[in-house]
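Structural characterization, general
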Amino acid sequence: VFLGNGPSGICLSYLLSGYIPYFKRDSLHPHPILQRKLEEAPDVSILDQDLEYLSEGLEGRSHSPVALLFDTLQRPDTDFGGTAESVLTWWHETNRAVPHLVLGRNAPGGAWHSIEGSMITLSRGEWMGLPDLPFKDWLKQKRRGLRNNRATAEDIAQYYQHYVMKKGLQKNFRCGTVVTSVRKASAESISNHTQKDLQENSDSLWNFNEKRTEIFQVDGFFKTVKGDKEPFSVYAENVVLATGTYDSPTWLRVKGENLSYVHHQLSALEEAVKNSSIGIMSDPVLIVGAGLTAADAILFAHHCNIPVIHVFRRRVSDPGLIFNQLPKMMYPEYHKVHQMMKEQSAACAGPYDCYISLPEHHVLSFGKDKKCLFQDKNGYQKVYKISMALVLTGSNPNLSFLPNNGIDLAIDSDQPVNPKRNPIDVDPFTYECTQEKGLYALGPLAGDNFVRFVQGGALAVASSLLKKANKNPP
């Protein structure tokens, strides 16, 4: 059972549906050592080879060796602006399919359906693609091109839905499901229990391995068309956590943050503009944060001529600031926000109307009268009257369905799971949780935050599950 139907879950479903990658004969990989290793066993699928051996010595923009391996096999020289074709060929070997179920709240694509459709992705469009169906080929069919090599969130969401249909994976997907609990159960205790199955072919789906005395019980409910909640329980030997991190926005934990004019999602600003509750003549909108979501909010407000006060804790020149890591040519709109942050602080008027930047400030409190109190690095305080506040300082995964919110699975088991600071502790070549055998974590939960790199985790999980299911060829 996979929890989450975003890119990680879709990619893993593809691999476990019997789609097996092999090294394409006569293809040439630009990495000579990897090329030599691939030529050693051309008839053995990548899933059945030693992933640690293949990925040894690879370098790139991910800390995961398997993520780098799968990425470079699919996009050999993409980091150098090249367009070399994948060195993989895919064979559909139905006898190697592993029965599985993908549970998700939304349509296939996960959180991509919750993002404002016109938003442009940070990653280049071709990096958003899944195995054996290049994103740009799909976009060409729609007679569309990539703006600045990048795509809109709506395109991505539609592509992921199309991918599931095109590859015939939809029978494994159950959308509109909410998982409320994942717990260990003993095989004996459920052997006489009649489970309400989620699949039509129930005879073959849950053939438990007699040797396993412990399995997982996954409880939750379907949201029906009428809006009712229909409970379900399923049992599985292995559970894959692929729920991403879009669930719980981070709070500042300051006084007044629960007031009705304080929001934690960009959609609140879009909604307020749509119903004309804020406009050109309104008091400024406060935007807290210095990441890309905060930048998207500033661009949106700027486009609508809505005044903005922008508060963030870091220095504008801080190398850790995402804007200082993005190439200007590829990301002109984010470069513009960074320029505004530098040139238009409250201390000195700059060329941009309707925008004030307050670097190295933090919010002390939100008042009922919509007056907001800030403090700078020297302890000086300021008050501004605002129309609404958007706290956009990141989000955390919601793992409330796991015992102790999944904290015991994290690298630091005293702190909550966080994709950047404290991901789930997994084996780098199987992505199985080190603290709980049979439980796997993929994507941001395991520290892989880009679509191009979550796929390597899916390769590792598929390789491990095929070995467990004895579906590896001799």
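Look up: the structure comes first, before these words.
This one's a predicted model, so the numbers in the text were calculated from it and none came from an experiment. (Residues numbered from 1 in each chain as written. Predicted model: local features only at pLDDT ≥ 70, side-chain atom pairs only at ≥ 80, totals over all residues. Heavy atoms only, no water.)

1. Quick look at the overall build of the protein chain
- When you go through the protein chain residue by residue, the secondary structure sums to twelve helices and 22 strands.
- Within the protein chain, counting contacts between residues at least 6 apart in sequence, those at least 24 apart form 68% of the total. (Helix = DSSP H or I, 4+ residues; strand = E, 2+ residues; numbered from the N terminus. Contact = heavy atoms within 4.5 Å.)

2. Description of helix α11 (residues 332-343)
- Over its twelve residues, α11 extends 16 Å from the first C-alpha to the last, a length consistent with the 16 Å expected when each residue adds 1.5 Å.
- Inspection of α11 places Glu-333, Tyr-334, Val-337, His-338, Met-340 and Met-341 among the buried residues, and these make up the whole buried set. Buried residues of α11 fall within an arc of 155° about the axis and therefore sit on the same side. (Expected span 1.5 Å × (residues − 1). Buried < 20%, exposed > 50% of the residue type's maximum accessible area, 1.4 Å probe, protein only. Arc of directions from axis to C-beta.)

3. With respect to unusual backbone geometry
- One non-glycine residue, Glu-360, lies in the positive phi region at around 55°.
- Within the secondary structure layout, Glu-360 lies in the loop between β16 (355-359) and β17 (361-366).
- Positive phi, normally seen in glycine, also occurs at Lys-370, with a value near 65°.
- Tracing the chain through its elements places Lys-370 in the loop between β17 and β18 (371-376).
- Of the residues examined, Lys-370 reaches a relative accessible area of 31% and is grouped as partly exposed.

4. Structural notes on the side chain of Asp-376
- Position of Asp-376 among the secondary structure elements: in strand β18.
- No salt bridge is formed by the buried Asp-376, whose closest oppositely charged neighbour, Lys-382, lies at an N-O distance of 4.7 Å.
- Polar side-chain contacts of Asp-376 include one of 2.9 Å to the backbone nitrogen of Asn-378.
- Contacts of Asp-376, omitting those with residues within four sequence positions, involve Glu-360 and His-361. (Lys, Arg positive; Asp, Glu negative; His and termini not counted. Salt bridge = Lys/Arg side-chain N within 4 Å of Asp/Glu carboxyl O. Polar contact = N/O pair within 3.5 Å; in protein donor to acceptor, adjacent residues only side chain to side chain.)

5. Some details on the nonpolar core
- Counting residues in hydrophobic clusters, the biggest one holds 84 residues, and the most contacted among them are Leu-3, Leu-12, Val-182, Val-218, Val-239, Leu-241 and Ile-424.
- Here the element with the most residues in this core is helix α12 (residues 451-468); it accounts for nine residues.
- Excluding its chain neighbours within four sequence positions, the residues that come into contact with Leu-241 are Leu-3, Phe-401, Leu-402, Leu-409, Ile-424, Leu-439, Tyr-440, Ala-441, Leu-442 and Leu-445.
- Within the second largest apolar cluster, 30 residues are counted, among which are Leu-266, Ile-306, Val-337 and Tyr-355. (Core = buried A, V, L, I, M, F, W, Y, C linked by side-chain atoms within 4.5 Å.)

6. Considering helix α1 (residues 7-16)
- With ten of ten residues buried, α1 is to be regarded as a mostly interior element.
- Among the residues making up α1, those that are buried are Pro-7, Ser-8, Gly-9, Ile-10, Cys-11, Leu-12, Ser-13, Tyr-14, Leu-15 and Leu-16.
- The positive-phi residue at the C-terminal boundary of α1 is Gly-18, with phi of around 90°.

7. Re the pattern of salt bridges
- All chains considered together, the criterion is met by twelve salt bridges.
- Where Asp-132 meets Lys-167, a salt bridge forms, and the shortest distance between an N and an O atom there is 3.3 Å. Residue Asp-132 is located in the loop between β5 (120-124) and α5 (135-141), and its partner Lys-167 is located in the loop between α6 (153-166) and β7 (173-175); the two are separated by 35 residues in the primary sequence.
- On the accessibility criterion, Asp-132 (42% relative accessible area) is partly exposed.
- Assessed through its relative accessible area of 13%, Lys-167 is described here as buried.
- Glu-360 serves as the salt-bridge partner of Lys-377, at 3.7 Å between the closest nitrogen and oxygen. Note that Lys-377 is positioned in the loop between β18 and β19 (381-385) and Glu-360 in the loop between β16 and β17, a separation of 17 residues in sequence.
- A relative accessible area of 59% means that Lys-377 is categorised as exposed.
- Where salt bridges share partners, they join Asp-48, Glu-93 and Arg-96 into one cluster.

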